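Structural characterization, general
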Amino acid sequence: MKTQLCQKLVVLFLISVFVSGCNIGTKKTTDNDVTFDSISVDKTYHLLENPENPNCNLQINFTYPAKYDNKDILKKIQQQFVYSYFGDGYENLSPEEATAKYTEDYLNNYKDLEDEYKAEVAKADETPVGAWFSYFEMSSDDIAYNKNDILSYTVNFENYTGGAHGAHSFTNHVIDMKTGNPIKEDDIFIEGFQEDLAQILIDRIAKQNTVENPKELENIGFFSIDEIFPNGNFLIDDNGITYTFNEYEIAAYVVGATNVHLPYEEIQYLLKKESPIAHLAF
């Protein structure tokens, strides 16, 4: 019996060694221990406070980090979230204060149109004033990746202030959760990476649009391919880096935004061996 028991233990040991050996080199995925909260706003204001007049509508869906063990890093990343969402003049405010102030500023700026609107109405007699006085703005932010000490998120923005059509933008941000610092291209790519990475981006965009020669992109709404370069607007995840080019950046409005995913294995030779994302890429 003892002999059989010993044999079973040896077999189990060998199996455990084999299984653990098979897992060598796999990347562990660990969620960042950060808690998020959100603030929503939906405000409408009619010019001259008359419900029959044109109006503005502001919609905000702001997600931000609310809890993190390191309070100093939490403050840094909150400031970055506020700045990336609301812009200059708000970064030193709390998420709640920034949202309230931005809402107030937006409505006040729209109210500044009231004198111009009254003048247009006076000139128009009984003819309705054009829709160019009807404004709207919608914004939100999405957490794209929150693991392995890396936090990637996108700020989505859409507005209309008269004219033929509204504007849309997608602005990406990446944060090193160990330091609370933003991760930029120079932090992860080797010196002189731009030209090689530009060619990779161009080739990927051509493939996405099923054209054999990248030059053919110029026939389907893209501008000169010689002007496509890394723009710093990227996300990071387990699988690679995704660049976003917004409307009018590399192509006509009708093409919309262009997203280009670059797997790590394709760009590994351009990445620094020691960088905030080395544990994902190598």
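As a reminder, the structure under discussion sits directly above these lines.
As a starting point, this report considers the structure included with it. Keep in mind the model is a prediction, meaning the values are calculated, not measured. (Residues numbered from 1 in each chain as written. Predicted model: local features only at pLDDT ≥ 70, side-chain atom pairs only at ≥ 80, totals over all residues. Heavy atoms only, no water.)

1. Observations regarding the nonpolar core
To be explicit about the condition: Note on terminology: a nonpolar core comprises buried Ala, Val, Leu, Ile, Met, Phe, Trp, Tyr and Cys residues joined through side-chain atoms within 4.5 Å. Only protein chains enter the accessibility calculation, which uses a 1.4 Å probe; a residue is then buried when its area is under 20% of its type maximum, exposed when over 50%, and partly exposed in between. Elements are defined by DSSP. Helices are runs of H or I of four residues or more, strands are runs of E of two residues or more, and each kind is numbered from the N terminus.
In this structure, Phe-189, Leu-197, Ile-236, Ile-241, Tyr-243 and Ile-277 are the most contacted members of the largest nonpolar core, which totals 34 residues. Residue assignment for this core shows that the elements contributing at least two residues are α6 (194-208), β7 (234-236), β8 (240-245), β9 (258-263), α7 (264-267) and α8 (278-281). It is α6 that contributes the most residues to this core, 6 residues altogether. Counting residues in hydrophobic clusters, the runner-up holds 32 residues, among them Val-34, Cys-56, Leu-113 and Tyr-153.

2. Observations concerning helix α3 (residues 95-111)
Basically, it comes down to this: A helix is expected to span 1.5 Å multiplied by its residue count minus one. Here the arc refers to the set of directions running from the helix axis out to each C-beta atom. Contact criterion: two residues are considered in contact whenever any of their non-hydrogen atoms come within 4.5 Å of each other.
Compared with the 24 Å implied by 1.5 Å per residue over 17 residues, the 24 Å span of α3 between its first and last C-alpha is a close match. Taken together, the buried positions of α3 are Pro-95, Ala-98, Thr-99, Tyr-102, Thr-103, Tyr-106, Leu-107 and Tyr-110. For α3, the arc enclosing every buried residue in end-on projection is 155 degrees, short of the 170-degree limit, so these residues lie on one face. In this fold, the buried residues of α3 make contact with β1 (34-46), β2 (55-68), α2 (71-86), α4 (114-124), β3 (135-147) and β4 (150-160).

3. Here we look at unusual backbone geometry
Its identity as a non-glycine residue notwithstanding, Glu-49 has a phi of 55 degrees, on the positive side. Looking at where Glu-49 falls in the secondary structure, it is placed in the loop between β1 and β2. Residue classification places Glu-49 among the exposed positions, given a relative accessible area of 67%. Here the phi dihedral of Thr-210 falls at roughly 50 degrees; this positive angle occurs in a residue that is not glycine. Within the secondary structure layout, Thr-210 lies in the loop between α6 and β7. Judged by its relative accessible area of 72%, Thr-210 is exposed.

4. Looking at the pattern of salt bridges
Using the following cut-off: Basic side-chain nitrogens of Lys or Arg form a salt bridge, by our definition, when they fall within 4 Å of a carboxyl oxygen of Asp or Glu.
A complete count under the given rule lists 5 salt bridges for this structure. Of the charged contacts, one joins Glu-120 and Lys-123 as a salt bridge, the two residues approaching to 3.6 Å between their closest N and O atoms. A residue pair is termed a helical-turn pair when its members lie 3 or 4 positions apart in one helix, as Glu-120 and Lys-123 do in helix α4 at 3 residues. Among the residues examined, Glu-120 registers a relative accessible area of 23% and is labelled partly exposed.

By themselves, these are just geometric observations and shouldn't be taken as functional.
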